[in-house]
Amino acid sequence: MQTSILLVTLALMALSGAVMLRVLRAKDGPSPPPSVNKQRSRFIWCLVILGVLVSLASLRDWPHRSAGSDAMIVKITSGQWWWETDTAEIPLGQQVEFRVTTEDVNHGLGIYDPDLNLVAQVQAMPNYTNKLVHTFEVPGTYQILCMEFCGISHHDMINEFDVLEESK
Ligand SMILES: [Cu+2]
């Protein structure tokens, strides 16, 4: 998904650059007839509409969207230098909405699978609750690590939870 977004962004940036170059070159020559200007205006509006549509379509599945009504809510609070979760067990295949905040400075919540691959992340911010929606497809023990240097014991910010095939 991230690669698709990057490629689409690069393609649209290249297209925008080409349009800008053409506009700049056209400025030096004789002024075009009104019909050409109208055609250019239509073309630019088509690009704007295309950009908005691509943005909406590609942003829809980002993890910061709202969860379904049957999602499990997991609250995670952080501070220097700890993570506190209100559950230690999450059922496999269950959509989870993490509600993440901090009591002091900014922290970066990173959720790592049993092989220590990063599977989801969100910023923990003071006086604000960020939402992160994720569905775990692999059982095991997941670790929560801080991804933003937040002080001398930043490396001690470790917690974990289990993703279980059947909830107990
Ligand atoms: Cu930290």
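What you see is a predicted model, and the numbers here were worked out from it, not measured in a lab.

Another aspect to go through is the overall build of the protein. Scanning the protein from N- to C-terminus turns up two helices and nine strands. Mapped in sequence order, the helices and strands of the protein form the string α-α-β-β-β-β-β-β-β-β-β. In terms of overall dimensions, the protein is more spread out than a globule: its C-alpha atoms have a radius of gyration of 23 Å, far above the 15 Å expected for 168 residues. Across its three principal axes, the protein shows a C-alpha extent of roughly 75 × 40 × 30 Å. Per-residue burial for the protein yields a buried fraction of 28% across its 168 residues. Residue pairs in contact within the protein that sit at least 24 positions apart in sequence constitute 63% of those at least 6 positions apart.

Further remarks concern the coordination of the copper ion. Around the copper ion, the protein contributes the donor atoms Cys-146 (SG), Glu-148 (O), Cys-150 (SG) and His-154 (ND1), at 1.9 to 2.4 Å from the metal centre. Taken together, the four donor atoms surrounding the copper ion define angles of 86 to 126° at the centre, an arrangement classified as tetrahedral. Expressed as a motif, the donor residue spacing for the copper ion is C-x1-E-x1-C-x3-H. By relative accessible area, which is 29% here, Glu-148 ends up partly exposed. Residue His-154 is classed as buried on the basis of its relative accessible area, which comes to 17%.

How each quantity is defined
Residues numbered from 1 in each chain as written. Predicted model: local features only at pLDDT ≥ 70, side-chain atom pairs only at ≥ 80, totals over all residues. Heavy atoms only, no water. Helix = DSSP H or I, 4+ residues; strand = E, 2+ residues; numbered from the N terminus. Rg over C-alpha atoms; globule rule 2.2 N^0.38 Å. Buried < 20%, exposed > 50% of the residue type's maximum accessible area, 1.4 Å probe, protein only. Contact = heavy atoms within 4.5 Å. Donors = N, O, S within 2.8 Å, 3.2 Å for Na, K, Ca; no water. Tetrahedral: all angles 85-135°; square planar, octahedral: opposite > 155°, others 65-115°.

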